[in-house]
Each structure stands twice: as structure tokens, then as C-alpha cells.
6 protein chains.
Amino acid sequence: MIKPIFCIFSFTLFIFTCNAAVQDFCVADLTGPQGPAGYSCKSPSNVTANDFVFTGFRKAGNTTNLIKAAVSPAFDAQFPGVNGLGVSIARLDLAPAGVIPMHTHPGASEILIVVQGSIVTGFVSNANQVFVKKLLKGDVMVFPQGLLHFQINGGGSTAVAFASFSSANPGLQITDFALFGNTLPSMLVEKTTFLDDAQVKKLKAVLGGSG
Amino acid sequence: MIKPIFCIFSFTLFIFTCNAAVQDFCVADLTGPQGPAGYSCKSPSNVTANDFVFTGFRKAGNTTNLIKAAVSPAFDAQFPGVNGLGVSIARLDLAPAGVIPMHTHPGASEILIVVQGSIVTGFVSNANQVFVKKLLKGDVMVFPQGLLHFQINGGGSTAVAFASFSSANPGLQITDFALFGNTLPSMLVEKTTFLDDAQVKKLKAVLGGSG
Amino acid sequence: MIKPIFCIFSFTLFIFTCNAAVQDFCVADLTGPQGPAGYSCKSPSNVTANDFVFTGFRKAGNTTNLIKAAVSPAFDAQFPGVNGLGVSIARLDLAPAGVIPMHTHPGASEILIVVQGSIVTGFVSNANQVFVKKLLKGDVMVFPQGLLHFQINGGGSTAVAFASFSSANPGLQITDFALFGNTLPSMLVEKTTFLDDAQVKKLKAVLGGSG
Amino acid sequence: MIKPIFCIFSFTLFIFTCNAAVQDFCVADLTGPQGPAGYSCKSPSNVTANDFVFTGFRKAGNTTNLIKAAVSPAFDAQFPGVNGLGVSIARLDLAPAGVIPMHTHPGASEILIVVQGSIVTGFVSNANQVFVKKLLKGDVMVFPQGLLHFQINGGGSTAVAFASFSSANPGLQITDFALFGNTLPSMLVEKTTFLDDAQVKKLKAVLGGSG
Amino acid sequence: MIKPIFCIFSFTLFIFTCNAAVQDFCVADLTGPQGPAGYSCKSPSNVTANDFVFTGFRKAGNTTNLIKAAVSPAFDAQFPGVNGLGVSIARLDLAPAGVIPMHTHPGASEILIVVQGSIVTGFVSNANQVFVKKLLKGDVMVFPQGLLHFQINGGGSTAVAFASFSSANPGLQITDFALFGNTLPSMLVEKTTFLDDAQVKKLKAVLGGSG
Amino acid sequence: MIKPIFCIFSFTLFIFTCNAAVQDFCVADLTGPQGPAGYSCKSPSNVTANDFVFTGFRKAGNTTNLIKAAVSPAFDAQFPGVNGLGVSIARLDLAPAGVIPMHTHPGASEILIVVQGSIVTGFVSNANQVFVKKLLKGDVMVFPQGLLHFQINGGGSTAVAFASFSSANPGLQITDFALFGNTLPSMLVEKTTFLDDAQVKKLKAVLGGSG
């Protein structure tokens, strides 16, 4: 039979577990100093269940744009609860003909699940092999860290997918934006990509790049 | 203007990228030797797009059981393409009143997205704080590595969720099975959990434990 | 023969080693901001040998309680010198019939050495295999990260052991406390563990849980 | 005074250091099974100083090609001694007007040192900021993992640099090859990059791509 | 009330946990291929509780030698169960005046607990600060990875301590052996340490070095 | 044809990439709190290309000293841009007969490239094997983390090399300084190294040690 032991049992254990309280998670304090491992931790006394929940995916992303797609991230900056936990997630909405352009995630591998419609997706490996598949609802594809990949909705209805990552901050580098949407001089872009000047200038104009 | 440079350009780069072919992924060779970092790699010459795709979630898991729930994993053993990539995923189906019992993932953090219905879910921290929320469709919850957590469907319709992990093999330890579903002697279970003998014997009987 | 080179030799090397002074250790500043990797570092100018020494194990833990056991941790919160070094330690005292209840360390593997008496100890794997041994003085057992394990003193004299961990903050989740010693509603506990209501209510009463 | 202690001292220590012989390095056995952490280890009894030395950079790379540049890697596949050690290196030769085209290293950060001539180099961050500098002899630039970067020799003489990496296998993805030098269908390239069909077809022709 | 659910519950979960069986531990197969992460795993079907237990410390190490000390390791090569788990342990016995000479562990931090007698121990930091303490029974000292440290028994009775490490294979480099106990030519030793030729020759003679 | 999409495309993506701006690098704020993972990050709005460039190697190090050598580091403290990126670099200048004395880098592996002259260099393994080679211009040697190594210029002209590391702060422990250049009492040094008192006192005198 068990006798009341709470106070004694807890005396030894509960105290140091209080001390340890902060380290099984580290909800981001977005205003505090950052370091290579992530954001500083919010005070544990201010942490609630809501810190571990993200409700920003209840509505579809807005795909009424020219790429007919939207990416809605829940990385550490949007979802402070993931800070330091090695995971994050994003929602992808692709209207028919929608495209998530060529991009990489420098900081993480990605695992994608299609929950509605179908998506043509794939990546290119370091050895320049191409791996492309059409995914149906329920299908999963995995993308190794840092490799170029894309998604396209070739179907007749909206496609929705969720992409999870092996980091709280996987990063995102969209090739077009990196080449044409910033101050990188056209001449440099052309020399390093062999693209024609007309092509570069054209995309810089539409993507807001200069130089 | 660009002149044909393929052969020369590639001469320098393509050869060593071939050598490097195997290292941006390591599709599991389930028959080869395993090490602490995972399975040995399947020969790159045998790797196709299908190795990076898992189609096992097209159908719902079978919830016509007494917990009214199913967990369908796509860890490295089921989805060899995730080997070494630091991610994996599982599908959860919960019929009304369905339950994924108390469990932990010793090897990974988890990020869960509800795609149908609603789920009451939560975890207990090292400091014994309880974080429980009811998630609606589109909601996400994150669970730090190794902490006890659960899912329950308190709604009137089937709930479906996908759980992604920060490891190709997050592991799974279901508390009930670990206590009552194996050869651990009842006396040891009782001493280390303060559960009554009757309770332990009862659950051992139903969960197939002995001792 | 060697001529005096201290000033010159040191001119090049000693200066940058001063700059580097803080990085081979990072004694915890328990008052500073925390991040996912641990506590901020105490100023190196304030660090002494005492920061790397923990003397809290000179006396036995107090086992005059109902579990007849005590766990005395030297994790980062108690022993700031281990911060960032990937190690920590705890002292276990078990009087005859003493028990360290079922628990996990979400953040680390454990290696246990018995220095006095004998201890029956073991763990349950993800595959639900049970590994239990009686350890004599001098014996060591290793416990993989995050798996349920326990210690019992079945001998006639006090047992003492030291458990070292592969993290400065291994965490500790005691199953009984996680299930019965907090605000988790009884109904939720019962649904997720199949324990009887009477059993849950009983243990909640003794362990100070509510709900 | 010291008395001969070799045999006794060594008896305790030398034997287990023999057992430990293999683990402070793991020279790649290029014929053995690979895993996520790298190649299997060559037998220590066959390891010599030559395994830790790479002499392939004695001669300049051949820059008499249309990009007027050469990259000579010493990654694990070329330099088995680096296997598992978290470092590797490559030699870059750029004749006047030579270019190392836009590329990423998915697996590592890079630190580049110019040893001859001058190089204009830079990278684009996730936030689309451009960081470009002209480096003179002796200058160093660091490139965070996975981000797009390039090198150009705008000077009148050959430039030589060495790039070291934080991995034995940093990987290499050259944007042009990934987009135009493989079987990725032109239509897919155009949809995911907004490049004109004429541009894509032209570069596919020169880079050996198809589709 | 709970109805029998074993077969159905287990149908979903038990099968994949079997598949996952090998990954929560990886008992070393000392005959199989090694990789950077450690030894290959012994087949799970051959794993027993004994694989996780080391009984080699039941007897004191033999200190009847000229350093009056013994180090008995339980690293992966001696204790295969620790393979891949990030921990290991060693037993230190020091008779009065016994010495564990200056050494480093390149692969791990160390945490030392004195269980008998007293030990004077300390380390030197990168910044050349010296941290030395006399430890009594029950005292703990932590040593950051790779730094020079030592132990001395200045007391009148045998001292015993256990050193745990943050790696299954911490490595061990004893300064004297590295300088004088191998084939490194005396001239090289003298040039790189400024030690006198007579000193070097003397220690080479006693430690079995040549050259 | 492509229509202007910058504003819409960017609306979704550019905003969160701004949020993510700080995480693909973390230029050290040398005045902010440090943690185990490195320095706090400088505000991204203050980061320029110059933060990623180090120009301190334009001039040779000053080798007019008694070891006829110089080591010029660009670790995180000198080159804040490498903070958190897992790389750093140092320049070595050795005049004829110049010596970089026996030392270790506790925190990183090293990869060395000779760019001028020749260098005799090597390391000692845990198993006490000696690996020494004479490197010519263009040759590379790799040194596993934490192992004793050295460089000597046995040639008739100045040698220059660059050493890169697998950490932003590899650390540096020079054996002579650790033994003779600090407050470690001579008696302790002698007991733990078996060096003669005369030798120890002599080197302490020249290296500025006391005790």
C-alpha cells in the first residue's frame, strides 16, 4: 500500500526539476539576444500551452497572385515555441497551375505531405540527378538539405501540402530572387550564370532587382 | 554570348560530383550493416525518385479497434529515403473517442498538424507542467523530444493528423506497453510505479505482458 | 639551448588565446539570458577552480522517506561549471527496499556506477524488450537516452550509485509525477493509460495532483 | 628520479589505447559500406602518414576552358583521410576573366583564402542581401552553409585561392548545371524560374541537358 | 472498463517498433565495419541485458607499479553497449603518491567523482589558466574536452575515482607517451618542445621510444 | 510571359525571410552575452560585406623571434563573421628553422595548406602512432581534433601556410606553455610528466611560469 509521499518525494526531486524547468524547451524571446543556436528563452513562468500551438494555418494562403501559390511559414520567428527544438513547418497552397519556384533550404531537410489535390515536385542532387514525382493526396516526399527543389500544381483543383523541416529555422533561398531580386549587378549575374543580358534585365525589372 | 562549355566545365566538376553522389543522401540499405548514424547506403546507381516518395498514407489507418486509433509510421525502416536526413513522419487516424495513448519519442521532437477534425493533445514537461490544447483543422502543436504526450479525439468525426519528427528514427515508447506489455515482473512494476497489484495484473493480462 | 622567448612567443599567441579564453568552457551565469545551447557564460575573469568542482555529494542524500531513496543532481543549474560541456552527474542513495521510480531522461544517455551495496536496475527499449540486471559494487550499466528505467535496492544495506549523463541538463521525467502529480485531468489520464479511475484518483491524492 | 616504468605504465594504458586506435580518425575505405556519417574506416594497420596528406594541388588546375577556371576538390572521395573529420578543401584557379559560376555547398560553410591575384566574390543571404567584396592576396571570406555564391577574377593575372569546408563532403550544386545540365524538362525549368524558353533551350544545348 | 486490446493495439504499433528495434541502441559488433560514428551494430536478436552491463570494475586496478596508479577503461572497445550512446567511463586507482600523468581526451569532456580517499586534480585552459583542487570523497570535478589535466594522490591511503565521458570513445593522449614513447625523432621533440636532448633521451629510454 | 509579380510574390515570402534574416549567419557581437554555441549575434541591420571578410593576412606575421615563426589567427574573436559557422582560419609564417611548437586544438580538426616553401609537420595519434610528412608548396595535411601536432621549416626559405579549422573557435593549447608558462607548481609538473626539476625550472624561467 502506498502512503502519502508527495512532500518527501517531491522534496528531493521537484526542486531540481524546477531548476531544470527551462531547458526542455526554450520558447523564443524574440526581443532578446540571439546566438548561433537560436533565440534566447522566454521566461518559463510566462510560458503557456499557447506557446506550443500555431493556429496560423486555419485559413488557406492567398493564391490569387501570379504564381498562384502561397507559402505560409511557421519557423521560429513566427512560431516561437519551436525555437531550439529542431523542427518547424510551413503550409503550401497551390491553385491550379500554381508554382513554388526553384528554391533551397540551406538549414534543413524537408518532408512534404500532400493533403489536398496533387503536386508535381522534385529535387536535383549534387550529382545532378533529377528526382521528380507526381504526388497524390496522402503522399510524402523528402528533400535532402540544401538541394534545389520546386512544387507545381498541374491538376485542376487547389493543392495543399505541409512541409516540415529538421530545423526551427530552415532558411529559404529562392533562386529567382537571389539572382534577380536584389542589388547584385546584372553583369555579375550574367557572368556567373551565363544568362543573356536581356533575360537578366527583364527578370530584374519584374522582381524588383537593381544594378 | 556563350559557347559550348559543357565538356570542359564538366570535366573539372562533374567527375568529382559523381564521386560525391552518394553523400547528399543515403537511402537505407535495409539489409546492410547499421551503425549509430543509421543504415548503410543503398548504391546510388540503384536510387530512383521512388526512394524519396512514400505512398503508404493514401488510405486511412484502421481505427476499428478498441483505442479507435491508428498510427502509421514512415520512419527509416518503412521509408528508407529518410535515412540520415534527420526527418520522418507518421499518420494518425483517430475515430470519435479515439486515443493515442501516453507515449514518448526518445529520439526526436515532434511537430503535429491536424488536417481533419479536431484533436485534444498535450505534453508534460520535465518540471511537471501540463500543456494541453484542443487543435482544430490546420492547427499545429510542437512536442519537445522525449516528453510524455498523447492525442485524443473528443469530436464527433474522425480526426486525421500528420506528425513529423526531427530524426529518421524518433523511436516510440508507449507507457502502457512499457509497463504492462512485456516481461517486466509485476512486482518490479508495482515497486517502481506505486500501482496496485490488481491494476498491474489486469493491464498485463490485456496487453500481453507476463511476470 | 633555449633563450628567453616568452615575451615574443607570447606576443603572437598569448594575446589571441586571451581572446579565446571564454570558449573552452562557459560556466553558467544563472542570472543571464538562456538559449537552446544552455546558459550564458559567466565572465572568465570571475571564474575560479571552484566553478569546476561540486562538493554537494559529500553527504548521503536523505533516504528517510517513503521511497527510501534520494536523488541529488549536479546538473547545470546546480553545478554551473558543466554548462555547455555535455556532461553532468547525480548521486543516488537507496536504503534497503529503496526505489528510484520509473523515469526517463529526455535529454541524455546515462551511465551508472554502483559504489556501495547492490542495485537492481534496468530499462525498457522502444521495441519493448526488458533489460534488467542486479549490479554489485563496481558494476556499471548504461541506459540509452529517453528510455524508461528504474533502480531498486533489494539488498540489506544502503546502496549508493553515481549516474553520469551525456548532457549538462539531461532532464528527468518521473512517470508517476507526470501522470498523477500535476493538473492533468483524471479523465485524460485514464483515457491515455487505461488505468482505473480509482487507481488514478488514489495516486493523484498522494502525489498532489489535481483534476 | 625516474625509474623505468615503460612496461608497467604501458601495460595499463597502451593496451586500451590500441583498442581505441581506430577512432581518432577513420580514413575512408572507398570500397566499403557507406553510412550517413561517411565511409567505413580503412583498417588502422594499413594507415600511414600518406593517408593524411593530399598532394594533388602541386599543379595549377587547367583553366584553358571557356569559364577560364578550375576547381580541384580534396573532399573525402579524393582525400580519404578527411573522412569523418569535418573538414575538406579545394583549390580554385581563375585565369583573367575566369569565373566559378553561381553555386552552393549544401553540406558545409566555406572559408576562402586568396593566395595569388585578386578575386571578386560574394554570396546572397536568405534575406536576399548581397555581400560582395574584392579580395586581394591574403584576404579571407566566409560563406555560410548552403547560400548561393560565386567567384570572378576581374584582374589581369591568374588568381589562386583555397576554399576550406566544415565537412568532409560539403557537396556542390552549380545552379546552371542543376537547371540546364540534366534531364529536367524545359517546361518545368521555365515554370519554376520564369526564364524564357529560348534561354532555357539555349543553355540546355550548351550544358548538355535534355528535355 | 478496459477490454482486451492487445492484439489490435499491437498490430499497429508493435510491428513498427520491431522494425525500429535496432535504433535506440547499437551494441558494438567489434568485428564489423566501423564508421565515423562508431562500430556497426550487433544484431538485436543477440542483444541481452549483459550487453549493457560492465563488471570489469569489481576489482581495483593494479597500482603496484612505478606511477602507483591504474586506469581501467570501459570505452566502446571494452564495453560494446556504449557504442553510439555518447557516454563511457573509466576507473582510476591511485595508491599513496600515485599519479595519472598529464593527458588529454581529444574526444570528450570528463566528469570525475572521487569515491575513496582524496585526489589533487586539475586542468589547464586554452588561455593558460590553471584550475587545481584537492577533491575529497564525494567531490566532483569537470574537465572540458581536449584540455591537459592530471590526477595525483597526495594522501596516505588509496584513492579511487570514476571518470565519465561525453563520448563512447573519448580517446586518451598521454603527453609523455606522445613525446617520448614512440618513434618521433629526438631532434623533432627537442625542436618542438625546447626540452634538452639529455632529458628527451632519458625519457625515451624509459618509455620505450626510439629515434 | 511573365508579369510583374514582385510585390505579390514577395508579400508572402519576403516578409518571413526578413524575419529569418538573422539566422543564416550570426556575426559576433563581441560585447554581448556569450553562450556555449558562441557569441550573440550583431544586429542584422548593421551587417555589411566587411563582416564576412578578414584582411589581416595581407602582411606576413613577424618571425623575427626565437622560434622564427608566427601564428596569426582569424577565429571568432578576431573575425566575428565566422561566429556560429563552424569554420575559422589562421596564417602560419615560418622562417628557415622556424617552429610552431607542439600543440593541440581541443575544439576542432585542422586542414593545412602550404602556399610557400616547405614544412615538416605531423601528429601523434591516441594509439601513439606518429604521422610525419614533409609538405611542399600546394600540399595539404589534415590533423584530427585534439591530437598533438607541430610544424617545422627545415628549408632554406620562409614557409607560409594556412590552417583552417572545423570550428569558429578551435582553441589552442601549446604544450610548453601549459606545462611551464603558468602558475602550475613545478612539483606538480614534475610528478605528472617525469621531467627533471632542473628542466622544469629552466623552462619556467624562460616561459614566464611561476611556482
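Residues numbered from 1 in each chain as written. Chains lettered and ligands numbered in written order. Predicted model: local features only at pLDDT ≥ 70, side-chain atom pairs only at ≥ 80, totals over all residues. Heavy atoms only, no water.

Going by an unreviewed UniProt entry, chain A carries the name Germin-like protein and comes from Rehmannia glutinosa. A UniProt comment under Subcellular location (unreviewed entry) is attached to chain A, and it reads "Secreted, Extracellular space, Apoplast". Checking UniProt for chain A, the heading Sequence similarities (unreviewed entry) contains the comment "Belongs to the germin family." (UniProt positions renumbered as here; feature names shortened; annotations may be inferred.)

Before going further, it helps to spend a moment on the interface of chain A and chain B. Of the residues lining the interface, 55 residues belong to chain A; the matching set on chain B comes to 55 residues. Roughly 4,400 Å² is buried in total at the junction of chain A and chain B, and carbon and sulfur atoms are behind 72% of that figure. Across the contact surface, chain A and chain B share two salt bridges. Of the charged contacts in the structure, one is a salt bridge between Arg58 of chain B and Asp139 of chain A, with a shortest N-O distance of 2.8 Å. (Contact = heavy atoms within 4.5 Å. Buried area = accessible area lost by both parts, 1.4 Å probe. Salt bridge = Lys/Arg side-chain N within 4 Å of Asp/Glu carboxyl O.)

Here we come to the side chain of Asp93 of chain D. All names here are of chain D. Along the chain, Asp93 falls in strand β5 (residues 88–94). Among the polar contacts listed, one links the side chain of Asp93 to the backbone nitrogen of Gly61, at a separation of 2.9 Å. Of note is the side chain of Asp93, whose polar atom sits 2.9 Å from the side chain of Arg91. Among all residues touching Asp93, those that are not within four sequence positions of it are Ala60, Gly61, Thr63, Lys68, Ala69, Ala70, Ala159 and Val160. (Helix = DSSP H or I, 4+ residues; strand = E, 2+ residues; numbered from the N terminus. Polar contact = N/O pair within 3.5 Å; in protein donor to acceptor, adjacent residues only side chain to side chain.)

Attention now goes to the packing of aromatic side chains. In total, this model carries 60 aromatic pairs over all chains according to the counting rule given. Look at Phe52 of chain A and Phe123 of chain B: their rings are 4.9 Å apart centre to centre, the planes differ by 80 degrees, and that puts the pair in the edge-to-face class. Taken together, the residues Phe52 of chain A in the loop between β2 (38–39) and β3 (53–54) and Phe123 of chain B in strand β8 (residues 119–124) connect one chain to another. For the pair Phe52 of chain A and Phe123 of chain B, one class covers both residues: buried. Ring centres of Phe75 of chain E and Phe165 of chain E lie 5.6 Å apart, and the angle between their planes is 85 degrees; this geometry places the pair in the edge-to-face category. In this pair, Phe75 of chain E sits in the loop between β4 (69–74) and β5 (88–94) while Phe165 of chain E sits in strand β12 (residues 159–165), placing the two residues 90 residues apart along the sequence. For Phe165 of chain E, a relative accessible area of 3% corresponds to the buried category. Among the aromatic residues, those joined into a ring-pair cluster are Phe25 and Phe52 of chain A together with Phe123, Phe131 and Phe143 of chain B. (Phe/Tyr/Trp six-rings, centres within 6.5 Å; stacked < 30°, edge-to-face > 60°. Buried < 20%, exposed > 50% of the residue type's maximum accessible area, 1.4 Å probe, protein only.)

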